[in-house]
Amino acid sequence: MSSSRSFLPVADAQLPLFAGVDVGGTSVKVGIVDGLGRTLGWAAIPTEATRGPDDGVRRMGQAVCRLIEQIGLRREQVAGVGLGTPGTMDIPAGMLLDPPNLPGWVDYPIRDRLSRECQLPVSFTNDAAAAAYGEYWVGSGKSLPSMVMLTLGTGLGGGIIINDKSLDGEHSHGAECGHIIIDCRDDARVCSCGGSGHLEAYASALAVIRRTQEALDAGAATSLRQRMAAGESLTPLLLAQEAEAEDSLALQIILDTAGYLGIGITSLLHTIDPSCVVLGGAMTFGGNDTPLGRRFIERVREEVRRRAFPIVAKTPIEYASLGGDAGFIGAAGIARAEAARR
């Protein structure tokens, strides 16, 4: 359990308690959360996906049980477990189908296997939907009836929460916001999924690097060349550092990314009309804590105001506030909501 965090004492927790498991390609985060979304304890283990799903689920179950014990609880004091994993998946069946981040975990009944390991009921959801639910429940969307969240990372994930429920869709492919079309030209950029013109192909971290490299290959003048010549890798962080130092190319790439996001968000606003839109993930350029992060999100808002119907153009667009905890908090929250509906 992390020693650098402060946790809610068990004596102050509001029942029922739930565990949340947030599975990523490199690590798995586990937390115990009370009925108000407050964290009693947190831990992480390596995913080690190449060891296979049975090994992974066994270690996830052990991590949940060990954390329960470390906090000073008995297993029966935890009402259930929420599990968020990368797609593709069949949520009603509790199955992983063929998730790109977990190669080899194909057609795997992960929900029921984890339930067997933990001896607790498990609710299953997409990892981006879990993060969105966390922000909806106790983060930037708290007290609002609906929310759209975009997670900006290597790819571009999405979650849509309406009236306490995640919009998963008929085929467990709801809220795939990164794959809405923002460019229908024949030469539109190709997404990592193989489709063309998708938002992810323009506004993910991978897309940002590709667009920057294309500009470098075309001979653009930029201080990025000196940094890369010194052995540094081209990353969104390097881009942000040079943008903050007033490099014109780096700044333009970041602001263009915000413009693409604004186009995609406009379509989501016209389709869903949520109470708010939240931006999270690793690529927020410092968020509200930096001038660049504030400029980035304001550029997103400007594009929305330019393109959206006047009423929905007023929808708040904010940064996420839970950081890396959103996934396990949201997974626990989805388990809590499902338990309440039983």
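Residues numbered from 1 in each chain as written. Predicted model: local features only at pLDDT ≥ 70, side-chain atom pairs only at ≥ 80, totals over all residues. Heavy atoms only, no water.

Trainee: Looking at this model, I keep getting lost on the packing of helix α5 (residues 205-217) against helix α8 (residues 248-272). Mind explaining?
Mentor: Between α5 and α8, the shortest axis-to-axis distance is 11 Å and the interhelical angle comes to 140°. For the element pair α5 / α8, the angle class is oblique. Crossing hand, α5 versus α8: right-handed. For the pair α5 and α8, contact is made by Val208, Arg211, Thr212 and Ala215 and by Leu249, Ile253, Asp256, Thr257 and Tyr260, respectively. Grouping the constituent residues of the contact of α5 with α8 by class yields five nonpolar, two polar and two charged. (Axes fitted to C-alpha atoms, helices over the stretch in contact; angles between N-to-C directions. Helix = DSSP H or I, 4+ residues; strand = E, 2+ residues; numbered from the N terminus. Parallel < 35°, antiparallel > 145°, perpendicular 65-115°, else oblique. Left-handed = near helix turned anticlockwise from the far one by under 90°. Contact = heavy atoms within 4.5 Å. Nonpolar A, V, L, I, M, F, W, Y, C, P; charged D, E, K, R; others polar.)

Trainee: I tried to follow the nonpolar core on my own but got confused; where do I start?
Mentor: Core analysis: the biggest nonpolar cluster contains 49 residues, and Leu150, Leu261, Ile265, Leu279, Phe296 and Ile317 have the highest contact counts within it. Those residues within four positions of Leu261 in sequence are excluded, and the remaining contacts are Leu150, Leu152, Leu156, Leu199, Ala203, Phe296 and Val300. (Core = buried A, V, L, I, M, F, W, Y, C linked by side-chain atoms within 4.5 Å. Buried < 20%, exposed > 50% of the residue type's maximum accessible area, 1.4 Å probe, protein only.)

Trainee: Would you take a moment to explain the pairing of strand β4 (residues 78-85) for this structure?
Mentor: Along any regular strand the residues' side chains alternate between the sheet's two faces. In terms of burial, β4 is a largely internal element, seven of the eight residues being buried. Where strand β1 (residues 17-23) meets β4, six bridges bridge the pair, whose relative direction is parallel. Pairing of Val21 across the sheet is with Leu83, part of β4. Direction of pairing for β4 relative to strand β7 (residues 122-126): parallel, over a ladder of five bridges. Its bridge partner lying in β7, Val81 is registered against Val122. (Pairing = 2+ DSSP bridges.)

Trainee: Looking at this structure, I do not really get the packing of aromatic side chains. What am I missing?
Mentor: How two aromatic rings sit relative to each other is set out by the distance from centre to centre and by the angle between their planes. All told, the structure shown has four aromatic pairs when counted by the stated rule. On the basis of an interplanar angle of 55° and a centroid distance of 5.5 Å, the ring pair of Tyr133 and Tyr136 is categorised as tilted. With Tyr133 and Tyr136 both in helix α3 (residues 127-138) and three residues apart, this pair spans about one turn of that helix. With a relative accessible area of 1%, Tyr133 lands in the buried category. Overall, the relative accessible area of 10% leaves Tyr136 in the buried class. Pairwise contacts between aromatic rings join Tyr133, Tyr136 and Trp137 into one cluster. (Phe/Tyr/Trp six-rings, centres within 6.5 Å; stacked < 30°, edge-to-face > 60°.)

Any functional reading would require information that these geometric values do not contain.
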